[in-house]
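# Examining the three-dimensional arrangement
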Amino acid sequence: MRRAPLPDGALDATDRRILNALQEGFPLVPRPFAEAGAALGLAEQELIDRIARLKEIGAVTRFGPFFDAEAMGGAFCLCAMAVPEADFDRVAEIVNAFPEVAHNYARSHRLNMWFVLATATPEEIAATADRIKAATGLSVLLFPKLKEFFIGFRVAA
């Protein structure tokens, strides 16, 4: 589904601190939200509530670990589709239902749907793309990674 841009003022300074801090890692302790909250000057429940609100308003699409599939013998692949505008939401729902789809983005381009596949083996990338094509009736273009870059994302305070 397409998300509208966040309105001005949707994020306060605390939201921005949370988004920046939690990208650096998350404590692996029995009560991680309590520890992460304390580092931010927040109570455990306040941090949980704020993360839930950030998801609700679309500031984040998911909150969870990022696993390096390639380091574990699997694969990632950037994919794109040309989806008829009138059918975009239906196709997005189908694509996003595949557990191999890590994230999905709408773009203003002929190739207007971009998503990342993450699979347990490199061979599963093409097989998953074929299943998506069968389910949607639309071709899936594969753009395998040639070189890796790390780009840190920070929200201005």
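Remember, predicted model here, so these are calculated numbers, not experimental data.

### Thoughts on the state of the cysteines
Note on terminology: a disulfide is the covalent bond linking the sulfur atoms of two cysteines. The full count for this structure, using the stated rule, is zero disulfides. Lacking any disulfide linkage, Cys-77 is separated from the closest cysteine sulfur, that of Cys-79, by 4.4 Å.

### Quick look at the pairing of strand 1 (residues 75-81)
Taken across its seven residues, strand 1 has six buried, putting it largely inside the fold. Note that strand 1 and strand 4 (residues 141-143) share three bridges and pair antiparallel. Looking at the pairing, Cys-79 lines up with Leu-142 of strand 4.

### As for the pairing of strand 3 (residues 113-119)
Among the seven residues in strand 3, five count as buried, and that is most of the element. Direction of pairing for strand 1 relative to strand 3: antiparallel, over a ladder of seven bridges. Within strand 3, the residue paired with Met-81 across the bridge is Met-113. Counting the residues in the hairpin turn of strand 2 (residues 101-106) and strand 3 gives six residues.

### A look at the sheet that holds strand 4
Two orientations exist for strands paired in a sheet by backbone hydrogen bonds: parallel and antiparallel. Sheet architecture is open: four strands sit in the order 2-3-1-4, paired in antiparallel fashion. Since the sheet does not close on itself, it has two edges, and those belong to strand 2 and strand 4, each with one partner. Each strand of the sheet is rotated relative to its neighbour by a mean of 25°, with strand direction disregarded. Here five bridges tie strand 2 to strand 3, and the two strands are oriented antiparallel to one another. Residue pairing across strands places Ala-106 opposite Met-113, the latter belonging to strand 3.

### Observations concerning helix 4 (residues 88-96)
Turn by turn, an α-helix covers 3.6 residues, leaving residues three or four places apart pointing in a common direction. Along helix 4, the residues classified as buried are Phe-88, Val-91, Ala-92 and Val-95. Burial along helix 4 is one-sided: seen end-on, the buried residues are contained in an arc of 105°. In this fold, the buried residues of helix 4 make contact with strand 1, strand 2, strand 3 and helix 5 (123-136).

### Overview of the UniProt feature "domain: Siroheme decarboxylase AsnC-like ligand binding" (unreviewed entry) in the protein
Residues annotated by UniProt as "domain: Siroheme decarboxylase AsnC-like ligand binding" (unreviewed entry) correspond here to residues 77-149. For residues 77-149, the end-to-end C-alpha separation is 14 Å, with 32% helix and 29% strand making up the annotated structure.

### Let's talk about the nonpolar core
Among the nonpolar cores identified, the biggest contains 19 residues, and Met-81, Val-95, Met-113, Phe-115, Leu-117 and Ile-132 are the most heavily contacted of them. Of all the secondary-structure elements, those providing two or more residues to this core are strand 1, helix 4, strand 3 and helix 5. Filtering out sequence-adjacent residues up to four positions away, Ile-132 remains in contact with Met-81, Val-95, Phe-98, Val-101, Phe-115, Leu-117, Gly-137 and Val-140. Counting residues in hydrophobic clusters, the runner-up holds twelve residues, among them Ala-36, Leu-42, Ile-51 and Leu-54.

### With respect to the packing of aromatic side chains
Going through the model one piece at a time under the given rule, you end up with four aromatic pairs. With a centroid separation of 6.0 Å and an interplanar angle of 40°, the aromatic rings of Phe-33 and Phe-63 are classed as tilted. Remark: Phe-63 occurs in the loop between helix 3 (44-56) and strand 1 and Phe-33 occurs in helix 2 (residues 32-40); sequence separation between them is 30 residues. Counting every residue linked through ring pairs, the aromatic cluster contains Phe-26, Phe-33 and Phe-63.

Parameters at a glance
The residue numbering used here restarts from 1 in each chain and proceeds along that chain's sequence as written. Local features in a predicted model are, by the rule used here, given only for residues with pLDDT of at least 70; side-chain atom pairs are given and counted only at 80 or more, and totals for whole chains, interfaces and linings are based on all residues. Side-chain metrics rest on all non-hydrogen atoms present in the structure, leaving aside hydrogens and water. Pairs of cysteine sulfur atoms within 2.5 Å are identified as disulfides in what follows. Only protein chains enter the calculation, and the probe is 1.4 Å; a residue is then buried if its accessible area is under 20% of its type maximum, exposed if over 50%, and partly exposed in between. Strands are runs of DSSP state E lasting at least 2 residues, helices are runs of H or I lasting at least 4, and numbering of each runs from the N terminus. Each pair of strands is called paired provided DSSP finds at least two bridges between the two strands. Lines are fitted to the C-alpha atoms to define the axes, a helix being fitted only along its stretch in contact, and any angle between axes, read from their N-to-C directions, falls within 0 to 180 degrees. Directions are taken from the helix axis to each C-beta atom, and the arc is the one they span. Pairs of residues are marked as contacts when any of their non-hydrogen atoms sit within 4.5 Å. UniProt positions are given in the numbering used here, feature names are shortened, and annotations may be inferred rather than shown by experiment. Joining through side-chain atoms within 4.5 Å is the link that ties buried Ala, Val, Leu, Ile, Met, Phe, Trp, Tyr and Cys residues into a set, and such a set is a nonpolar core. A pair of aromatic rings is counted whenever rings of Phe, Tyr or Trp (Trp by its six-membered ring) have centres within 6.5 Å, and the orientation is called stacked for planes under 30 degrees apart, edge-to-face for over 60 and tilted otherwise.

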